Amino acid sequence: MTNKWGRWTVLTLFGLYFLVPMAASVEFSLRDVNDTHSFASWGKLLDEPGLFETLGTSLWVAAGTVALTLLIMVPTVSWVHLRKPKLRRLMEGISLLPLVIPPIVLVNGVLVVFADAPEVINGTPVILVLEYVVLALPFTYRTLDAGLQAIALPTLVEAARSLGAGWGTVLLRVIMPNIRSAVFGAAFLNLALVLGEYTLAGILLMDTFPVWTVQTGQSEAGVSVAVSLFSLFVAFLLLFVLSVVAGRRRLERGIA
Amino acid sequence: MIETKTGAAVEFRRLRREFGEVKALDGLNLLIEPGELVALLGPSGCGKTTALRVLAGLEQVDSGEVLVDGSDVVGVPANKRDMGMVFQAYSLFPNLTVLDNVAFGLRLRGQGTTTRQKRAQELLELVGLDTHAKRYPHQLSGGQQQRVALARALAIEPRVLLLDEPLSALDAQVRTQLRDEIRRLQLRVGITTLFVTHDQEEALSIADRVGVMKAGRLEQCDTPAALYARPATAFVAEFVGTMNHLAGTVTGGGTEVDVAGQRLKLAEPGERPDGAAVRVLVRPESVTLEAATDGQARITDHSFRGAVTRLTAVLPDGTAVLADLPSLAAAELLPGSAAAAGFGSRPVLLAADA
């Protein structure tokens, strides 16, 4: 019983730690003059110019990041598992580099490398996609690595090969469906990263949703808190949608 | 109803494959007749699995030819070879139902949904799992999973069926049952089959011919009966069936061997000079034991096995000898009693290292 009480105590403490500031923020964002409450700040928020444009940009960048990450990482990590399992440690080390390298170095590096690149990349959020793919690497690699570790990859691949599957089919029909939760996990992390990343986007002068959030929040305290809550809410909503999609697929397979 | 492109002939010619220092295949030659089931048997690391994987296209060779119906398939990728393969375990696609697993290869061959489901269902009937079509692999037992894997391999009407220790992860009873079932199916479909195993009983009971491998080469390939009765080398003799090792001395100009005062004929005379100390190989059923108060052997164990009884006797020099006797003849030979031992009924082989 003590065990159970201990568990609930910890859970409650952590719950309070997360929920109290959020509740306070909600309360603050609803405050109006003379100790009354209203939706005034939220109303102003929706009137601010650029909300939907920047949100659109961020979603676009998020989609691009997820797509490019999976396109590069799923085949790469699968290949390492199949053919060069000894490289797994090295790969893990490399994938951790973006956590160690300061963002400003990363930005400069990318700017130098892509200095002569066509304008499609340089002047547009495409460059953000490229940066975020790198930035998300530590999370992506570990998630996919764990997913592949959990299945009998070599045997499944060889079975598919002997049944007539080319490498593309192996990747799409055998590997992807069986590491689905890892793929969704990687997608979650990418999405969360893109919807919260300010430094790189700010330095590169891109109008993404996080950048807009910061700029808009500078005008007025109430609006600023409302904006933060709003961005949290958007992220929650998207992650929720993703997890419902992932969950439903799993139910269809009869795995609860 | 179930048809295959029956009876492709398979031939390995001088296959070589090295993994670093290890010679997995060291000039392997083997001919499998159309419709034949050949089992490759050998200790781990003898190259038997490598040979099978080479045929599947999952492993490359350094040199040599792999002929299927006369044409070399060495350069052909695995997915173009039409080989039906059953693995040791866990090879079913976890995300697909049993039916979809079996239909997987048919789908890749562009067959329509109705056609492939009908055929997958037929194959599931063949392995007795048609009522499990809608289940997922994790809902099946190990034996059922291997049946599905077999159905999936046969569904594509493969040229050759490759079985890579398909029974070794199963428990004893299921293993025997599935083994007999594989043989029954193989005969019915008439498909050329290569079966790799380290279990001699499995190999002897299922195969038309058994190839015993050692260090990347074939020691002997023959029918189970011939392999047991006339092993070509001491390695085969020791690996197939049970063998007693007895100390002896070569005599008679290299044609005979003296074991505990008895002269035994050598199956391969002249290999060692007179007087050489050797280890002589004698099968338990070639050993005779008779109750005799002045006998030199002492019975230490008596294990009734139905028609035969396996006795263990200790010779004066301390060597333990196994003997299989008809149970009636063995009735009096209880532990502690003395017996006279005889080894002489058939020509004997010498162990390789003595």
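Here the structure is a predicted model, which means the values were calculated and not measured.

Conventions we followed
- Residues numbered from 1 in each chain as written.
- Chains lettered and ligands numbered in written order.
- Predicted model: local features only at pLDDT ≥ 70, side-chain atom pairs only at ≥ 80, totals over all residues.
- Contact = placed C-beta atoms within 7 Å.
- Helix = DSSP H or I, 4+ residues; strand = E, 2+ residues; numbered from the N terminus.
- Nonpolar A, V, L, I, M, F, W, Y, C, P; charged D, E, K, R; others polar.
- Axes fitted to C-alpha atoms, helices over the stretch in contact; angles between N-to-C directions.
- Parallel < 35°, antiparallel > 145°, perpendicular 65-115°, else oblique.
- Left-handed = near helix turned anticlockwise from the far one by under 90°.
- Pairing = 2+ DSSP bridges.

A. Geometry of the interface of chain A and chain B. The partner chain B presents 18 residues to the 17 residues of chain A that form the contact. Of all the secondary-structure elements, those providing two or more residues to the side of chain A that touches chain B are α9 (153-162) and α10 (167-178) of chain A. Here the residues of the side of chain A that touches chain B are counted per class, giving seven nonpolar, seven polar and three charged.

B. Quick look at the packing of helix α3 (residues 51-83) of chain A against helix α7 (residues 126-135) of chain A. Residue and element names in this part refer to chain A. Direction vectors running N to C along α3 and α7 enclose 50°, while the axes themselves pass 9 Å from each other. When the interaxial angle is binned, α3 and α7 end up oblique. The handedness of the crossing between α3 and α7 comes out as right-handed. For the pair α3 and α7, the contacting residues are Val61, Gly64, Thr65, Leu68 and Thr69 in the first and Leu128, Val129, Tyr132 and Val133 in the second. The residue inventory of the contact of α3 with α7, partitioned by class, reads six nonpolar, three polar and no charged.

C. Structural context of the pairing of strand β4 (residues 63-68) of chain B. All names here are of chain B. When strand β1 (residues 10-19) meets β4, the two strands line up antiparallel, connected through five bridges. What sits directly across from Phe12, in β4, is Val66. Inspection of the sheet shows β4 paired to strand β5 (residues 71-72) by two bridges, in the antiparallel sense. When the sheet's bridge partners are listed, Val68 is paired in β5 with Ser71. Where β4 hands over to β5, the hairpin turn is made up of two residues, of which Asp69 adopts a positive phi near 50°.

D. Representation of the pairing of strand β16 (residues 297-304) of chain B within the structure. Residues and elements named next belong to chain B. Where β16 meets strand β19 (residues 338-342), two bridges bridge the pair, whose relative direction is antiparallel. Directly across from Ala297, in β19, lies its bridge partner Ala339. Bridge count for β16 against strand β17 (residues 308-314) is six bridges, and the pairing is antiparallel. Across the sheet, Arg298 pairs through a bridge with Val314, a residue of β17.

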